[in-house]
Amino acid sequence: MVQDEDGKTPESKSYIWLYTSGAFEKHRIVIYEYQPTRGGYHAAKFLADYHGYVHTDGFILGMGRKAESTW
């Protein structure tokens with residue numbers, strides 16, 4: 001639910017992007033990032049300096065990259 005966000009009603013949709021380290025990493029990290037839209041550019045910006053494998057639900061295709069791409 002959106003609360004007190006300029007220009008949006010409480011009934012408006014917003015999205016949480018989830019980023020996590022690998023399951024076998026020594027220290028597991030989970031990051032939840034709030035965004036007002038589902039635009040793939042949010043993930044592209046977050047992952048801009050990342051180099052490695054990305055596993056997605058396929059929506060990353062909206063970023064102009066194939067889901068099996070490495071960064």
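Given the structure is predicted, the values throughout are model-derived calculations rather than measurements. (Residues numbered from 1 in each chain as written. Predicted model: local features only at pLDDT ≥ 70, side-chain atom pairs only at ≥ 80, totals over all residues. Heavy atoms only, no water.)

## Structural notes on the overall build of the protein
(1) Moving on: A tally of helices and strands in the protein yields one helix and two strands.
(2) Moving on: Starting at the N terminus and ending at the C terminus, the protein contains elements arranged as β-β-α.
(3) Moving on: Counting only residues that meet the buried cut, the protein has 21% of its 71 residues in that class.
(4) Moving on: Restricting the contact set of the protein to residue pairs at least 6 apart, pairs at least 24 apart contribute 15%. (Helix = DSSP H or I, 4+ residues; strand = E, 2+ residues; numbered from the N terminus. Buried < 20%, exposed > 50% of the residue type's maximum accessible area, 1.4 Å probe, protein only. Contact = heavy atoms within 4.5 Å.)

## Here we look at the packing of aromatic side chains
(1) Moving on: Counting across every chain of the model gives one aromatic pair.
(2) Moving on: Ring geometry for Tyr 19 against Phe 46: centres 3.8 Å apart, planes inclined by 15 degrees, an arrangement best described as stacked. Here Tyr 19, found in strand S1 (residues 15-20), pairs with Phe 46, found in helix H1 (residues 41-46); they are 27 residues apart in sequence, far enough to count as distant.
(3) Moving on: Residue Tyr 19 is classed as buried on the basis of its relative accessible area, which comes to 11%. (Phe/Tyr/Trp six-rings, centres within 6.5 Å; stacked < 30°, edge-to-face > 60°.)

## Considering the layout of surface pockets
(1) Moving on: Here the largest pocket is characterised by a volume of approximately 670 Å³.
(2) Moving on: Lining the largest pocket are 22 residues; nearest its centre among them are Leu 18, Tyr 19, Thr 20, Val 54 and His 55.
(3) Moving on: Where the lining of the largest pocket is concerned, the elements lending two or more residues are S1 and H1.
(4) Moving on: When residues in the lining of the largest pocket are grouped by element, the largest group, six residues, is from S1. (1 Å grid on protein atoms, 1.4 Å probe; cavity = no way out; pocket = protein on both sides within 12 Å on 5 of 7 lines; lining within 4 Å. Points joined across faces, edges and corners; volume = space filled by probe spheres on them.)

## Examining the confidence of the model for the protein
(1) Moving on: A residue-level look at the protein finds 75% of positions with pLDDT of 70 or above and a mean pLDDT of 76.
(2) Moving on: When mean pLDDT is compared element by element in the protein, strand S2 (residues 30-35) scores highest at 92, while H1 scores lowest at 86.
(3) Moving on: For residues 66-71, every residue scores under 50 in pLDDT, and the model assigns this stretch 18 contacts once sequence neighbours within four places are set aside. (pLDDT = per-residue confidence, 0-100.)

## Examining a nonpolar patch on the surface
(1) Moving on: On the surface, Ile 16, Leu 18, Val 30, Tyr 32 and Tyr 34 cluster together into a nonpolar patch covering about 550 Å² of accessible area.
(2) Moving on: Sorting the residues of the nonpolar patch by element identifies S1 and S2 as the ones contributing at least two each.
(3) Moving on: Among the elements that make up the nonpolar patch, the one with the highest residue count is S2 (three residues).
(4) Moving on: Mapped onto the fold, Tyr 34 is located in strand S2. (Patch = residues over 30% accessible without salt bridge, like charges linked within 9 Å, V, L, I, M, F, W, Y side chains within 5 Å. Areas by Shrake-Rupley, 256 points an atom, 1.4 Å probe, with all protein chains shown as cover. Salt bridge = Lys/Arg side-chain N within 4 Å of Asp/Glu carboxyl O.)

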